[in-house]
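Fold and contact review
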Amino acid sequence: MFAQTVTIQNEQGFHVRPAQLFSEKAGQFGAEVHLKTSEGRTADCKSMLELMTLGVEQGAVVTIEANGDGEQEVVEALIQLVESKFGEA
């Protein structure tokens, strides 16, 4: 298992577009990937709906965990997506 923590930086948090981008990126890898909030809630990163139900807002600290084929690569790709603010200004 590989895990890394990151802070959500984009202004709107996990709304529709970031959740879609996040789930699409996670789906490109074979590993199981989960997003965990600091409150202990968890979502499958390949499910846009599960990600949106977490209600993650700007400033939230989340942990991305992956297990399986390409686990480190998928976590690093998702961290990069978060740090780029999902391409938002």
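Residue numbers restart at each chain and count upward from 1, following the sequence in its written direction. Only residues with pLDDT of at least 70 get local features here, since the model is predicted, and only at 80 or more are side-chain atom pairs given and counted; chain-wide, interface and lining totals rely on the full set of residues. As a rule here, side-chain values cover all heavy atoms of the structure and leave hydrogens and water aside.

**Here we look at the pairing of strand β2 (residues 32-37)**
For the record, the criterion: Residue burial is assigned from relative accessible area. The probe radius is 1.4 Å, only protein chains are included, and a residue is buried under 20% of its type maximum, exposed over 50%, and partly exposed in between. In DSSP terms, a helix is any run of H or I states spanning at least four residues, a strand is any run of E spanning at least two, and both are numbered starting from the N terminus. Strands are labelled as partners when DSSP assigns at least two bridges between them.
The side-chain alternation of β2 yields one buried face, formed by V33, L35 and T37, and one unburied face, formed by E32, H34 and K36. Sheet topology places β2 next to strand β4 (residues 61-67); six bridges connect them, and they run antiparallel. Bridge pairing in β4 links K36 to T63. Relative to strand β3 (residues 42-44), β2 runs antiparallel, the two sharing three bridges. Along β3, the bridge assignment pairs L35 with A43.

**Structural notes on the nonpolar core**
As a reminder, the rule being used: Grouping buried Ala, Val, Leu, Ile, Met, Phe, Trp, Tyr and Cys residues that are joined through side-chain atoms within 4.5 Å yields what is termed a nonpolar core. Only heavy atoms matter for contacts: two residues are in contact if any of them lie within 4.5 Å across the pair.
Ranked by internal contacts, the top residues of the largest apolar core, which has 24 residues, are F14, F22, L35 and I64. Breaking this core down by element, the ones donating at least two residues are α1 (16-26), β2, β4 and α3 (71-83). A total of six residues in this core trace back to one element, the largest contributor, which is α3. Apart from residues lying up to four places away in sequence, F14 is in contact with I8, A19, F22, L35, L51, M52, V56 and F86.

**Remarks on α1**
Put simply, the rule reads: Think of the arc as the fan of directions from the helix axis to the C-beta atoms.
Three or more residues of α1 are buried, namely P18, A19, F22, S23 and A26. Buried positions in α1, seen along its axis, are confined to an arc of 125 degrees and lie on one side of it. Packing partners of the buried residues in α1 comprise β2, α2 (48-53), β4 and α3.

**Concerning the pattern of salt bridges**
Formally: Only one rule defines a salt bridge in this text: a Lys or Arg side-chain nitrogen within 4 Å of an Asp or Glu carboxyl oxygen.
Inspection of every chain in the model, using the stated rule, returns three salt bridges. Salt-bridge contacts for E88 lead to R17; the nearest nitrogen and oxygen are separated by 3.8 Å. Residue E88 is located in the segment after α3, and its partner R17 is located in helix α1; the two are separated by 71 residues in the primary sequence. The shortest N-O distance in the salt bridge between E65 and K36 comes to 3.4 Å. Remark: K36 occurs in strand β2 and E65 occurs in strand β4; sequence separation between them is 29 residues. Here E65 falls in the buried class, since its relative accessible area comes to 16%.

**What to know about the packing of aromatic side chains**
Heads up, the condition is: Side-chain rings of Phe, Tyr and Trp, where Trp is taken by its six-membered ring, are said to pair if the distance between their centres is within 6.5 Å; with planes under 30 degrees apart they count as stacked, over 60 as edge-to-face, and otherwise as tilted.
Applying the stated criterion across every chain yields a total of three aromatic pairs. With 5.1 Å between their ring centres and 80 degrees between their planes, F14 and F22 make a pair best called edge-to-face. An identical accessibility class is assigned to F14 and F22; each is buried. A relative accessible area of 5% means that F14 is categorised as buried.

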